[in-house]
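Spelled out, the chains give:
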Amino acid sequence: MSSIEVPVIAGDGIGPEITAAVLKVVDAAVERNGASLKWVPVTAGLSALDEGSELIPQSTLDEIARCRVALKGPCTTPVGEGFTSINVKLRKTFNLYAAVRPVRSMPGVETRYKDVDLIIIRENTEGLYSGVENEVTPGVVMSMKVASKEACQRIATWAFRFANRRERKKITVLHKANIMKLTDGLFLKCASDVHANDYPNLAFESTIIDAGCMKLVQDPSQFDVLLLENLYGDVISDLCAGLVGGLGVVPGANIGQDLSIFEAVHGSAPDIAGQNIANPLALLMSSVMMLNFLAETRQAPELRAGAELIRKAYDACLISGEKTRDLGGELGTSEFADAVIARL
Ligand code: NAI
């Protein structure tokens, strides 16, 4: 039976409370199948600074590299000043080029839309996240948007292979290649080529992103898999979260060649930190993705059973109204975790 080591970054803001809740649920679920995970606490972000370490201590990078997986809470990035994003640094350091974010209607969560079932695939290493910004002359600053053929082909190939394996029907690229003819043009061309050469069995379309946003909020059912460059993927992820009940219900995985980091789409939510009211579900759903990933890549099929137990348990909670406040319920973070455990 498996006892796979998983480094855990609790993160900042609501990170520690939701992470504690999630670890408790996952432990209870995998134990039911006689399996276990060995959590390896590592630090990054403001909490690392508080402990007198660097923002991302080398020991954290070493542990993640050794275990080839991590579960990560959200990390704060200061706005308009201060240090650069730890999240971006981790994705770049480990070349986690594909962010996968399933966005689905949840049972028991009332929204304007029924049966939303989207998968967002975001290129995670380039675009305006190159972090190359400079002051050209006083009063004039610029930010460099980078696209390489290698990265555009890599994400397109990954997205089509993923969609094909999951028996999805269609990939839509949202872009602005009418204005950014070189960068977005390259992204679009690579996706179009991969489709034509390797996956003509899948439907493929492209939409200029401004009209795409309008179409998404009018009728999300016209989309299936969305393939986007880095910044658009970031923005559209939150827009799509709004279609299904908010940031509390959208998980994510950052996938690389042989290493993956699982984290929710949301941030550290400083406005509600420390109050035991944050929804741990998005991170819990990310841990379900992680268990399935480990089951597949580490020959640990018993973890898949644990993932399924968790999924059924949180669905049952939502259906019976056991929810956190963001979803219209009354449970606190830890109470929701206890409710899920009671239904395992
Ligand atoms: P945010 O996602 O933290 O919060 C946006 C809104 O959603 C807030 O009103 C918040 O209370 C609510 N919210 C978020 N997660 C929630 C949850 N689990 N349960 C209930 N409500 C939830 O975005 P914001 O405020 O723009 O960013 C805060 C910080 O997080 C920033 O420093 C940002 O850089 C960082 N961030 C980190 C990410 C990561 O670690 N991957 C991703 C996004 C933002």
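Just so you know, the residues in each chain are numbered from 1, in the order the chain's sequence is written. Whole-chain, interface and lining totals are the exception, using all residues; otherwise, since this is a predicted model, local features are given only for residues with pLDDT of at least 70 and side-chain atom pairs are given and counted only at 80 or more. Working from all heavy atoms in the structure, the side-chain values ignore hydrogens and water.

Asks: Provide a residue-level description of the overall build of the protein, including the pertinent values.
Replies: In terms of helices and strands, the protein carries 11 helices and 12 strands. Along the longest, intermediate and shortest principal axes, the C-alpha atoms of the protein span 55 × 50 × 40 Å. Accessible area is worked out with a 1.4 Å probe on protein chains only. A residue is then buried under 20% of its type maximum, exposed over 50%, and partly exposed in between. In the protein, which comprises 344 residues, the proportion classed as buried is 54%. It only takes one pair of heavy atoms within 4.5 Å for two residues to be counted as in contact. Long-range pairs, those at least 24 residues apart, make up 73% of the contacts in the protein with a sequence separation of at least 6. By element, 52% of the accessible surface of the protein is carried by carbon and sulfur atoms, the whole surface being about 15100 Å². In this charge count, Lys and Arg are treated as positive and Asp and Glu as negative; neither His nor the chain ends contribute. By convention, charge coordinates are those of NZ in Lys, CZ in Arg, CG in Asp, or CD in Glu. Side chains of the protein give 34 positive and 42 negative charges; the mean places of these two sets differ by 6 Å. In this description a helix means any DSSP run of H or I spanning at least four residues, a strand means any run of E spanning at least two, and both kinds are numbered starting from the N terminus. Accessibility throughout is a Shrake-Rupley quantity obtained with a 1.4 Å probe, and a residue counts as covered only by protein chains that appear here.

Asks: Residue-level account of the pairing of strand β2 (residues 36-42), with values.
Replies: Remark: a regular strand shows side chains that alternate across the two faces of the sheet. Here strand β1 (residues 3-9) pairs with β2 via 7 bridges, running parallel. Looking across to β2, one finds that Val8 is bridged to Pro41. Read as a crossover between parallel neighbours, the route from β1 over helix α1 (residues 15-31) to β2 is right-handed. A strand pair is defined by DSSP finding two or more bridges across the two strands. A clockwise path from the first strand over the helix to the second, with the strands pointing away from the viewer, defines a right-handed crossover.

Asks: Help me get a handle on the site of the ligand, residues and values and all.
Replies: Consider each residue's heavy atoms; a residue with any of them within 4 Å of a molecule or strand counts as near. Taken together, 21 residues sit near the ligand, with Cys75, Thr77, Gly267, Ala269 and Asn279 positioned nearest. One of the side-chain nitrogen or oxygen atoms of His266 is found 3.3 Å away from a nitrogen atom of the ligand. Protein burial of the ligand: of its 810 Å² of free accessible surface, 70% is covered by the chains. Classifying every residue of the shell around the ligand gives 9 nonpolar, 7 polar and 5 charged. Whenever a nitrogen or oxygen atom comes within 3.5 Å of another N or O atom, the pair is scored as a polar contact, on the condition that within protein one atom can donate a hydrogen and the other can accept it, and that pairs from neighbouring residues in sequence are kept only if both atoms are in side chains. Classification used: nonpolar for Ala, Val, Leu, Ile, Met, Phe, Trp, Tyr, Cys and Pro, charged for Asp, Glu, Lys and Arg, polar for all others including Gly.

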